[in-house]
Structures are given as structure tokens and as C-alpha cells.
Amino acid sequence: MTRVAGAHDPGDHRANDCIGEEDAQDEGGVISRWTTHLAGQDTVEIGQRLPPHSPECAGCGPENPAGLHLRVVRTETGVEAVHSFSDVQVGAPGMAHGGAVALAFDDLFGFALYTVGSLAVTRSLTVDYQAPFRLHHPYTFHAHVAEREGRRLLLHADAWDDTGRKTGSAVATFVVVGPRHFVASTEPSPGKSDCRPST
């Protein structure tokens, strides 16, 4: 991606040889249009807000009532979001659930991948919780692509509270894929019977 939040690498190293726009012929071309939208954000200017991955995305989708509704802007070095966790994301009393914090990092990584102009998915995600994330307090999250080697991307992110104290950080590995990865059910294309559909 630009990636898609919460998706997972199938572990199929042949996938890159078996995919193309012609493989994303889903009903009505929804997947094709969506993946094209995701991969086309590398031209967004510094300071400009990035569009959500999808309206229903758990991290940034405005139409997901249980989502975080992240609002993300592009910066000179990556992407940034200021977010306050709500009662919907409560874990221990008065604190955000660790899973909700991980979701914020993972989704922000998806926005960081807008800057590379490729579709990619999460292979691994590690979060270091350095302090509690309190409900109804603003936290600034920043993420960037730290390294790229072939199809593998290494990303890093940090979060700070409104006093400037670092409250968490995360690292992730993403793997570049093609549109076919996001098609739920795909028949092998003629001449490509040796290629497994991505799951």
C-alpha cells in the first residue's frame, strides 16, 4: 500500500509473479478501483490530509461506528495523526485497551505506505507500551518507512502524550502484494494454473 490495515502476508513468495490488474476483476471492479485508490497517494502534498483506506476501515473509516476514525496528514518524513481514545476503546478503567493502541499504530503504518506507491500488507507488528494511553487525552502518532528491501518494508512509529512524553513505539514489517491478494475468491487465470490465489 500503500497497504490495507489488518491484512496479512500469505507467505507465498511466488505471489508477486502471479498478480496483475487483470486478476482483480471482481464484481463491479470494486477491488480494482480500491487498490488503485490506495496505490495512488504518493502525490499527496506535505500537510495534506490523506483519505481513509475505506469507509468501513476499523482504524480510519468514517462509517465504522466502532472504529478509531483516525485523521492522518502527510509530513516531511512520513505521516502523523493526533488521536484521543474514547470509551469505546476502554481496557483498564480510564485507559485505552492495548489492542486499540496497536490498531492505531497498524493503521498509521498503512498511511505511511501511501508514500511508497505500492500495495502492501502487514507481516509482523511489535508494539512497545511505555506508558498508559489515557482515555480522552490527545496523543500524537508519527510513522515512516524506515527501510525497503525488495518486497519487504520496515516501518517505525512513535506516540507522545500532550506533555511531550513518549508513551509508545512500534515496528512493523510489510510485504508488497498486488490487487489479487484482496480478492476473496479467485479462479486461476488461463495459463497461470500454477499460481495459488492469495488468502
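Reading the values: the criteria
- Sequence positions are assigned chain by chain, starting from 1 and proceeding in written order.
- pLDDT decides what is reported in this predicted model: residues at 70 or higher carry local features, side-chain atom pairs at 80 or more are listed and counted, and totals for whole chains, interfaces and linings draw on all residues regardless.
- Hydrogens and waters are ignored; side-chain quantities use all the structure's heavy atoms.
- By definition, any uninterrupted DSSP run of H or I lasting at least four residues is a helix, any uninterrupted run of E lasting at least two residues is a strand, and each is numbered from the N terminus.
- To sort residues, take the accessible area from a 1.4 Å probe on protein chains only and compare it with the maximum for the residue type: under 20% means buried, over 50% means exposed, and anything in between is partly exposed.
- Here, two residues are considered to be in contact whenever any of their heavy atoms come within 4.5 Å of each other.
- All accessibility values rest on the Shrake-Rupley procedure with a 1.4 Å probe; residue burial counts only the protein chains present in the view.
- Within this scheme, the nonpolar core is defined by two criteria: the residues are buried Ala, Val, Leu, Ile, Met, Phe, Trp, Tyr or Cys, and they are joined through side-chain atoms within 4.5 Å.
- Here, a salt bridge means any Lys or Arg side-chain nitrogen found within 4 Å of an Asp or Glu carboxyl oxygen.
- For every residue, the predictor assigns a confidence score, pLDDT, that lies between 0 and 100.
- Two aromatic rings, drawn from Phe, Tyr or Trp (for Trp, its six-membered ring), form a pair once their centres lie within 6.5 Å of each other, and the interplanar angle then sorts them: stacked below 30 degrees, edge-to-face above 60, tilted otherwise.

(A) Looking closely at the overall build of the chain. A count of helices and strands for the chain gives two helices and seven strands. Secondary structure elements of the chain occur, N-terminal to C-terminal, as β-α-β-β-α-β-β-β-β. Put simply, the chain has 199 residues, and 48% of those count as buried. For the chain, the proportion of contacts with a sequence separation of at least 24, taken over those separated by at least 6, is 66%. Surface accessibility of the chain: about 9600 Å² in total, with carbon and sulfur atoms responsible for 53%.

(B) Molecular detail of the nonpolar core. Phe85 and Phe141 are the most contacted members of the largest nonpolar core, which totals 37 residues. No other element matches helix H2 (residues 98–112), which puts nine residues into this core. Sequence-distant contacts of phenylalanine 85, that is, excluding residues within four places in its chain, are made with Leu68, Ala96, Ala100, Val101, Ala104, Phe133, Leu135, His136, His137 and Phe141.

(C) Representation of the pattern of salt bridges. For the structure shown, the criterion picks out two salt bridges. Among the ionic pairs, lysine 166 bridges to aspartate 158, the shortest N-O distance being 3.4 Å. Residue class for lysine 166 comes out partly exposed when judged on its relative accessible area of 36%. For aspartate 161, the salt bridge goes to arginine 165, with nearest N and O atoms at 3.2 Å. By relative accessible area, aspartate 161 is classed as buried at 7%. Of the residues examined, arginine 165 reaches a relative accessible area of 43% and is grouped as partly exposed.

(D) Expanded view of the environment of arginine 152. By the element assignment, arginine 152 lies in strand E6 (residues 152–160). Of the residues examined, arginine 152 reaches a relative accessible area of 33% and is grouped as partly exposed. For the pair formed by arginine 152 and valine 176, sequence separation is 24 residues and the distance between their alpha carbons is 6.5 Å.

(E) View of the confidence of the model for the chain. The pLDDT averaged across the chain works out to 79; a share of 70% of its residues lies at or above 70. When the criterion is pLDDT under 50, residues 1–25 qualifies, and its contacts beyond four places in sequence or with other chains add up to 82 contacts. Scored below 50 in pLDDT, residues 184–199 makes 25 contacts in the model with residues more than four places away or belonging to other chains.

(F) Broad picture of the packing of aromatic side chains. With the rule as written, the count across this model stands at seven aromatic pairs. Ring centres 6.2 Å apart and planes at 70° place the aromatic pair phenylalanine 109 and phenylalanine 174 in the edge-to-face group. With phenylalanine 109 in helix H2 and phenylalanine 174 in strand E7 (residues 166–176), this pair connects stretches of sequence that are 65 residues apart. Through pairs of rings, three or more aromatic residues link up here, namely Phe85, Phe105, Phe133, Tyr139 and Phe141.

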